Amino acid sequence: MTLAERIDTILAIDHSARAIEYEGLWQSWGEIAGAMTNLAETLDGIDRVGILMRNHAAVVPSILEAIRSERRIVVLNPMLPEDRLASDIEKTGISVVIGMSEDLDRAVAGGICPIRRQPVFFDEVGSTSINPQANPGHLETCILKQVKGRGKNGSVAIEMLTSGTTGPPKRIPLSRRALEVAVLGAAHFEKGRAEDDTPRLRNGVQLVMAPFSHIGGLFALLNAIAAGRRFVLLPKFTVDGFCAAVKRHGIKVASTPPAALKMLFDANIAREDLASIRAFRVGTAPLDPMLAEAIYERYQIPVLQNYGATEFGGGVAGWTLDDFQAHWPGKRGAVGRLNPGVEGRIVDGVLELRSRQIGDGVSWLRTTDLAKIDDDGFLFILGRADNVIIRGGFKIQPDDIVRAIEAHPSVQEAAVTALPDERLGSVPAAAYLVRSGKTAPPDEEMIAFLKQRLTGYQLPVTLRAVEALPRTVSMKVDQSALRSLLIQNMS
């Protein structure tokens, strides 16, 4: 059964059953199906569809309809500044954008010129259901140009964003086959479902809170749908919102990034508030083994790390509960074992992978991660072979920040490095040289300048004008010395 067929099967089981809770209101499987039908009529003849991936229940049908009808999703980040959002939409060449009205308003303010906009209607099933057309903020389709004839379904399912940039957002194509292998293969990590994954509606409730514009959030959504599991959707992670959802629904397995897990630990949440949780699943960024141990010691809740990337279509390795019970803490620091169907090897210290999920199943893909695989098949990630900064699960290219800083007329040269951060893993910090005859701009001016060119998570936590950048004998910026300089500046 394909992922598209599974979505259709799940939706048809019971239209009146609850599917998504968002801000205290439930949306049924029937309402989702109704919105998908309306979208299908609007999208007739269109192959590529842009979706503003806000974490809102009303956005879910657009994602499912595009996958069910084998259209290609072009992921759009609604958090971009207005002008960058409009520019990104125009450069993709898409003819239709789907999103919440407030996000489309920002895109129009930024410069896109729609032919028309129209709301997406939901079939109402219950009085507590989400009814977008009755609310100021609702889901709309934004037609940018007319397309005649039927669209041709292709092998690519999603053009997925990897990280924000100062120019066009970077996207990679995820094939339909890779997406199916990743989503349907997730059953391997669930007891009961791994043995019998017959499509049906399940009793449990899943918590989804990672951004849909990130592969982790999109994967969590599709996994919940494929499992036939109702879920509570949070606009974003907060300690209070998380704990309230856990207590309200008796959440058994909670997926969180390491940064969110650290926030929960630091908040010293009472044991009874997390009593229903049997395991935390953690991904998107490296996990400090000491945090996993501290969580287990305080709450007796296993922390099951997984490993994946946008380029892989999701996770390719992870811990199962059985492995945790058999091998923890002996395999402390591992990201688990490779998923069924995934092969791995180490070449010159760098991890290489192959599977049907990330390629043709024959060719090896070289990652940027330094790693080892032990005799029991556990994978250990030892560091990165490139200079990407991962801030709470978001990848940041230092060169993007450098270009933004150097765009200021008073800046001659800039350098960026990563500083360790207990909550987020690592954060960017920057230093720059002032042009001859110029003076360093006030901090407030510089931050306002960068906010026009960078997304929030790209902004450096410290920004310092210096007389000279520390350099090696080859005249490259000495990252170690720069890091020490900026840490000293923050103390």
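A brief look at the structure comes next.

Cut-off values and rules
Residues numbered from 1 in each chain as written. Predicted model: local features only at pLDDT ≥ 70, side-chain atom pairs only at ≥ 80, totals over all residues. Heavy atoms only, no water. Helix = DSSP H or I, 4+ residues; strand = E, 2+ residues; numbered from the N terminus. Rg over C-alpha atoms; globule rule 2.2 N^0.38 Å. Buried < 20%, exposed > 50% of the residue type's maximum accessible area, 1.4 Å probe, protein only. Contact = heavy atoms within 4.5 Å. Areas by Shrake-Rupley, 256 points an atom, 1.4 Å probe, with all protein chains shown as cover. Lys, Arg positive; Asp, Glu negative; His and termini not counted. Charge placed at Lys NZ, Arg CZ, Asp CG, Glu CD. Pairing = 2+ DSSP bridges. Axes fitted to C-alpha atoms, helices over the stretch in contact; angles between N-to-C directions. Right-handed = clockwise from strand over helix to strand, strands pointing away. Core = buried A, V, L, I, M, F, W, Y, C linked by side-chain atoms within 4.5 Å.

## Regarding the overall build of the chain
Helices and strands together make up the secondary structure of the chain, namely 14 helices and 25 strands. In terms of overall dimensions, the chain is globule-like: its C-alpha atoms have a radius of gyration of 23 Å, near the 23 Å expected for 491 residues. For the chain, the C-alpha atoms occupy an extent of roughly 65 × 60 × 50 Å along the three principal directions. The buried share of the chain, taken over its 491 residues, is 51%. Intrachain contacts of the chain at a sequence separation of at least 6 include 65% that bridge at least 24 residues. If you sum the accessible surface of the chain, you get close to 21,300 Å²; carbon and sulfur atoms cover 50% of it. Charge-centre separation for the chain: the mean point of 56 positive side chains lies 2 Å from the mean point of 57 negative side chains.

## Examining the sheet that holds strand β11 (residues 229-233)
Reading across from one edge, β2-β1-β11-β10 is the order of the four strands in this open sheet, with mixed pairing throughout. Each edge of the sheet is formed by a strand with only one pairing partner; in this case those strands are β2 (25-28) and β10 (202-208). Neighbour-to-neighbour, the strand axes of this sheet turn through a mean angle of 25°, independent of strand direction. Relative to β2, strand β1 (residues 18-22) is paired through four bridges, and the arrangement is antiparallel. Looking across to β2, one finds that I20 is bridged to Q27.

## Examining the pairing of strand β13 (residues 279-282)
The side-chain alternation of β13 yields two buried faces, one formed by A279 and R281 and the other by F280 and V282. Sheet topology note: the strand β12 (residues 253-256)/β13 ladder contains four bridges and is parallel. Within β13, the residue paired with T256 across the bridge is V282. You can see the chain leave β12, run along helix α9 (residues 258-266) and come back into β13, and the turn it takes is right-handed. Bridge count for β13 against strand β14 (residues 303-309) is three bridges, and the pairing is parallel.

## Remarks on the side chain of K262
Within the element layout of this structure, K262 appears in helix α9. On the accessibility criterion, K262 (13% relative accessible area) is buried.

## Considerations on the nonpolar core
One recurring pattern in soluble globular proteins is that nonpolar side chains are buried together. Residues I63, I73 and I158 are the most contacted members of the largest nonpolar core, which totals 55 residues. Sort the elements by how many residues they give to this core and helix α7 (residues 215-227) lands first, with eight residues. Judged by nonpolar contacts, the second largest core, of 37 residues, contains I251, F280, W319 and A334.

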